[in-house]
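# Coordinate inspection notes
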Amino acid sequence: TSILSIPALLMMVFAFEYRSVLEYPDWHEPQFLFCLIATFAIGSLLNYGLFLCCTLNSALTTVVVGQLKGLVSTVLGFLLFELPYHD
């Protein structure tokens with residue numbers, strides 16, 4: 001599905017976001033470029049890991065691993081960040 005969405009993504013970028021992307025002031029900042037490249041790399045590794053999990057294991061294993069990932073991220077979120085308080 002990612003490959004099928006590329007034409008729509010390119011159409012939207014060139015139609016609506018092209019000038020905004022080119023005028024972004026931090027394109028020459030090393031910190032921004034590092035974060036951008038790191039985000040692309042981590043996303044690609046995550047996508048490849050999911051593909052590898054699907055090809056080497058059954059669908060049930062992939063679903064269980066995904067649910068465990070969600071559980072771990074929820075627990076870490078509660079432990080690392082403050083709880084929201086309502087008045």
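Residues numbered from 1 in each chain as written. Predicted model: local features only at pLDDT ≥ 70, side-chain atom pairs only at ≥ 80, totals over all residues. Heavy atoms only, no water.

### What about the side chain of Thr62?
The line we're drawing: Each helix is a run of H or I in the DSSP string that is no shorter than four residues. Each strand is a run of E no shorter than two, and both are numbered from the N terminus. The contact rule is simple, with two residues in contact once any of their heavy atoms fall within 4.5 Å.
Turning to its location among the elements, Thr62 is positioned in helix α3 (residues 59-80). Beyond its immediate stretch of four places on either side in the chain, Thr62 contacts Leu50, Cys53 and Cys54.

### As for the confidence of the model for the protein
Heads up, the condition is: Confidence of the predictor at the level of single residues is captured by pLDDT, which takes values from 0 to 100.
When pLDDT is averaged along the protein, the result is 86, and 95% of the positions lie at 70 or above. Mean pLDDT in the protein bottoms out at helix α1 (residues 6-22), which sits at 84, and peaks at helix α2 (residues 30-56), which reaches 89.

### Re the packing of aromatic side chains
Condition: Side-chain rings of Phe, Tyr and Trp (the six-membered ring for Trp) are treated as a pair once their centres are within 6.5 Å; stacked means planes under 30 degrees apart, edge-to-face means over 60, and tilted covers the remaining angles. Exposed residues in this analysis have more than 50% of their type's maximum accessible area, buried residues have under 20%, and partly exposed residues fall in between, with area computed by a 1.4 Å probe over protein chains only.
This structure, assessed with the given rule, holds 4 aromatic pairs. Arranged with centres 6.4 Å apart and planes meeting at 40°, the rings of Tyr48 and Phe51 form a pair that is tilted. Residue Tyr48 and its partner Phe51 are both found in helix α2; the two are separated by 3 residues, about one turn of the helix. The partly exposed category is assigned to Tyr48, whose relative accessible area is 48%. An aromatic cluster is built from Tyr24, Trp27 and Phe32, whose rings are joined through pairwise contacts.

### Structural notes on the layout of surface pockets
Here is the rule: Only protein atoms enter the calculation, which uses a 1 Å grid: trapped sets of points that fit a 1.4 Å probe without letting it out are cavities, open sets showing protein on both sides within 12 Å along at least five of seven lines are pockets, and any residue with an atom within 4 Å of a point is a lining residue. Grid points are joined across faces, edges and corners, and a volume is the space filled by probe spheres set on the points. Three classes are used, and their members are as follows: Ala, Val, Leu, Ile, Met, Phe, Trp, Tyr, Cys and Pro are nonpolar, Asp, Glu, Lys and Arg are charged, and the others, Gly among them, are polar.
Looking at the largest pocket, its volume works out to about 170 Å³. If you go around the largest pocket, the residues you meet are Leu46, Gly49, Leu50, Cys53, Thr62, Val65, Gly66 and Lys69. Elements supplying a minimum of two residues to the lining of the largest pocket: α2 and α3. Residues that form the lining of the largest pocket fall into these classes: 4 nonpolar, 3 polar and 1 charged.

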